[in-house]
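Spelled out from the first residue to the last, the chains are:
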Amino acid sequence: MEKIKTGIIGCGKVAHLHAHALKNLSESLFTAVWDINRAKAKTFAEQYGVKACSSIEEMGSNTSVEAVTICVPHPAHAETVNKAIQAGMHVLVEKPLAPSLEDCDAMIELAEKKRVALGTVCQRRFYPPSLRVKHAIKEGKIGKPIIGTVNMLGWRDKTYYQSDPWRGSWKGEGGGVLVNQATHQLDLLQWFMGPIDELFGYWSNLNHSYIEVEDTAVAVIKFKNGGVGNIIVSNSQNPPLFGKVHVHGDNGASVGVQTDSGAMFIAGMSEITEPPVNDLWTVKGEENLLKKWKQEDTDFFNKVNPMNYFHERQIEDFLRAIIKGTKPLIDGKEGRKTVEIFTAIYRSNRDRMPVKFPLKPENKADFDGRLK
C-alpha cells in the first residue's frame, strides 16, 4: 500500500480526531504538526510521536509532508490553506471550507493552479443512513426529489462559547449556527436535492445575548429541478432535540436521515451519544426495513468509536483520491456549495429579498450581511 506523508495544521480539540485517523490509516504516514502556539504544537507532537514544525513551509520542504488536514478557526482557513498549497501540499480543511465565498474561490483557484487536491470535512456523508438516502435517490426509488427539508434544533450554552476565545464572534468564527453547527445538514440537503436556483432567508440571535453571531436561521429554497425546500436551524433549544434531513419524491415516497440526536456532539468536549439512523422511509416495498436498519446501525455504532470512525473514513477517501489521481468525494467545489447556502441566507436577510444562485463574492464591509 502506497503511503502518503501527512500532517496537521492547528492543534486544537478537533485535531485529535484527525491525529487518530492519520495514525490508523494504512495510506498515511503521520509525520508532523504545526500550530501558531509553539508550546501547544510541541505537546501535541509528543503525544502522537511526530515532529512539531516551526512553520507551514517547513512541513512541505524539510519534512516533506505531502498532505495536511487544517484544524484552525474558520476565518484563518484561507490564509492557512493557501500557505499549505503554496508549500506543495494537498489540503483537507475542516468545515466550512471558509466563511466567505471570496476566500473559497481563492483557495479553489490556487489548488487548481498548483495541481493539488483540496477537500472539505463533511463526515456525515459517510454515515450509513446518509448513504442509503443518497443511493435511494440515485436509483430513482422516490422518483424526482421535489421537497427537501433540514431541521436542526440544538443548544449551545455559555460554557461552550467560553471554551475558545474565537467562538461567538464574527471576526473569530465567521458566523454562528449556520457556519459552525448546521453545515453538515446543509451539505446533505444540497447533495440529495441538487443545485439551488433561489433562496429567501432570515437569521437572528434569539437567546444568546453574550455572543455576536446568529443562533437561529430559517430559509425557503427553490431548486433548479423545480423542487422546493426549507431550512430551520437553531442553537436556542434546550435540551437539544435533533438534526434531520428529509427528501420527498414525486412518486409519493419519502426518505430521511436523523444525523444527530440526544446531546449535541462538540469535538473535544463531548461524545456522540446516539447513532445516526434513517427515521423516515416510505419507499414502496421497503417500508418495513426501518426497524432492521435502525438495529444494524445501532449495533455498528456501538462496535466502532463514532468520534473517530467517520473522520477516518473521509480522510481515507481523501488520501486514496490523491494516490489514484481522482477527485475526493467532497472537494473544494463541493465545500463551496455549503458556504454559498449560508451566504445566501445572510444576504437575503440583509436585503429582504430572494437571492439567485450561483452567488459571486461581494467586497462589502458588512461581511455579506452578517454585520447589521
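Predicted model, so just to flag it, every value in this text is computed and none were measured.

About the criteria used
- Residues numbered from 1 in each chain as written.
- Predicted model: local features only at pLDDT ≥ 70, side-chain atom pairs only at ≥ 80, totals over all residues.
- Heavy atoms only, no water.
- Helix = DSSP H or I, 4+ residues; strand = E, 2+ residues; numbered from the N terminus.
- 1 Å grid on protein atoms, 1.4 Å probe; cavity = no way out; pocket = protein on both sides within 12 Å on 5 of 7 lines; lining within 4 Å.
- Points joined across faces, edges and corners; volume = space filled by probe spheres on them.
- Nonpolar A, V, L, I, M, F, W, Y, C, P; charged D, E, K, R; others polar.
- Pairing = 2+ DSSP bridges.
- Contact = heavy atoms within 4.5 Å.
- Axes fitted to C-alpha atoms, helices over the stretch in contact; angles between N-to-C directions.
- Patch = residues over 30% accessible without salt bridge, like charges linked within 9 Å, V, L, I, M, F, W, Y side chains within 5 Å.
- Areas by Shrake-Rupley, 256 points an atom, 1.4 Å probe, with all protein chains shown as cover.
- Salt bridge = Lys/Arg side-chain N within 4 Å of Asp/Glu carboxyl O.
- Buried < 20%, exposed > 50% of the residue type's maximum accessible area, 1.4 Å probe, protein only.
- Phe/Tyr/Trp six-rings, centres within 6.5 Å; stacked < 30°, edge-to-face > 60°.
- Lys, Arg positive; Asp, Glu negative; His and termini not counted.
- Polar contact = N/O pair within 3.5 Å; in protein donor to acceptor, adjacent residues only side chain to side chain.
- Arc of directions from axis to C-beta.
- Core = buried A, V, L, I, M, F, W, Y, C linked by side-chain atoms within 4.5 Å.

### Concerning unusual backbone geometry
A negative phi angle is the norm for most residues apart from glycine, just as the trans form is the norm for most peptide bonds. Cis geometry marks the peptide bond from K95 to P96; its omega dihedral reads -15 degrees. Structurally, the position occupied by P96 is in the loop between β5 (90–93) and α5 (101–114). Here N238 and P239 are connected by a cis peptide whose omega angle stands at 5 degrees. Note on placement: P239 falls in the loop between β10 (228–234) and β11 (242–249). The backbone of S64 shows a phi angle near 60 degrees, a positive value even though the residue is not glycine. Within the secondary structure layout, S64 lies in the loop between α3 (56–60) and β4 (67–70).

### Comments concerning the layout of surface pockets
If a probe as big as a water molecule is rolled over the atoms, it shows which places are left empty. Its boundaries defined by the atoms lining it, the largest pocket holds a volume of some 910 Å³. Sorting the residues of the lining of the largest pocket by element identifies α4 (77–86), α9 (177–181) and α10 (183–193) as the ones contributing at least two each. Counting residues per element, the lining of the largest pocket draws most heavily on α4, which supplies 4 residues. In the lining of the largest pocket, the residues fall into 17 nonpolar, 13 polar and 12 charged. Estimated volume of the second largest pocket: approximately 270 Å³. When residues of the lining of the second largest pocket are traced back to their parent elements, those giving at least two are α5, α12 (306–324) and α13 (332–351). Broken down by element, the residue count for the lining of the second largest pocket peaks at 3 residues, all from α5. Residue composition of the lining of the second largest pocket, grouped by class: 8 nonpolar, 4 polar and 4 charged.

### Comments concerning the sheet that holds β4
The strand order across the open sheet formed by 6 strands is β3-β2-β1-β4-β5-β6, and the pairing between neighbours is parallel. The sheet is open, and its two borders are formed by β3 (51–52) and β6 (118–120), each paired with just one other strand. Bridge analysis of strand β1 (residues 4–9) against strand β2 (residues 28–34) gives 6 bridges, and the strand direction is parallel. Opposite I4, over in β2, you have S28 as the bridge partner. Packed onto the sheet, helix α1 (residues 15–24) meets β1, β2 and β4 and runs at close to 170 degrees relative to β1. The strands that α12 touches are β1, β2, β4, β5 and β6; relative to β5, the one it contacts most, it runs at about 160 degrees.

### Looking at a nonpolar patch on the surface
Side chains of Y202, V218 and I232 sit close together on the surface and give an oily, nonpolar patch of about 220 Å² of accessible area. By the secondary structure assignment, Y202 is in strand β8 (residues 196–204). Since its relative accessible area comes to 36%, Y202 is described here as partly exposed.

### Things to note about the packing of aromatic side chains
One pass over the structure, following the stated rule, counts 14 aromatic pairs. Here the aromatic rings of F30 and Y48 are separated by 6.4 Å at their centres, their planes lie at 55 degrees, and the arrangement is tilted. Of this pair, F30 sits in strand β2 while Y48 sits in helix α2 (residues 38–48), and the two are 18 residues apart along the sequence. Across the pair, exposure class does not vary: F30 and Y48 are buried alike.

### Concerning the side chain of E214
Of note, E214 is situated in the loop between β8 and β9 (216–223). Of the side chains with opposite charge, R370 lies nearest to the buried E214, which makes no salt bridge, at 6.5 Å. For E214, the side chain forms a polar contact with the main-chain nitrogen of V177, separated by 3.1 Å. Discounting chain neighbours no more than four positions away, the residues touching E214 are W170, G175, G176, V177, L178, V179, W203, S204 and Y346.

### So, α10
Counting buried positions along α10 gives 11 out of 11 residues, so the element sits mostly inside the fold. Buried within α10 we find T183, H184, Q185, L186, D187, L188, L189, Q190, W191, F192 and M193. Looking one or two residues past α10, G194 carries a phi angle of roughly 95 degrees, positive in sign.

### Considerations on helix α6 (residues 128–138)
What α6 keeps buried is the set P129, S130, R132, V133, A136 and I137. Take α6 and look down its axis: the buried residues cluster within an arc of 160 degrees, on one side only. Those residues of α6 that are buried are in contact with β7 (145–153), α10, β11, β12 (254–261), β13 (277–281) and α11 (290–303). Following α6 by one or two positions, G140 has its phi on the positive side, about 75 degrees.

### Re the sheet that holds β10
Paired through their backbone hydrogen bonds, the strands of a sheet run either parallel or antiparallel. Strands sit in the order β13-β12-β11-β7-β10-β9-β8-β14 across an open sheet of 8 strands; the sheet is mixed. Every interior strand has two partners, whereas the edge strands, β13 and β14 (355–356), have only one. By the bridge criterion, 8 bridges tie β7 to β11 in an arrangement that is antiparallel. Bridging across to β11, P145 finds its partner in G249.

### What about the nonpolar core?
Considering soluble globular proteins, one finds that nonpolar side chains tend to be buried as a cluster. Core analysis: the largest hydrophobic core is formed by 75 residues, its most contacted members being I9, M59, V68, F192, I231 and V233. Not counting chain neighbours up to four residues away, the residues in contact with V68 comprise G7, I9, M59, A84, M89, H90, V91 and L92. Listed in part, the 34 residues of the second largest apolar core include V33, C71, I272 and F318.

Structural measurements only, silent on function.
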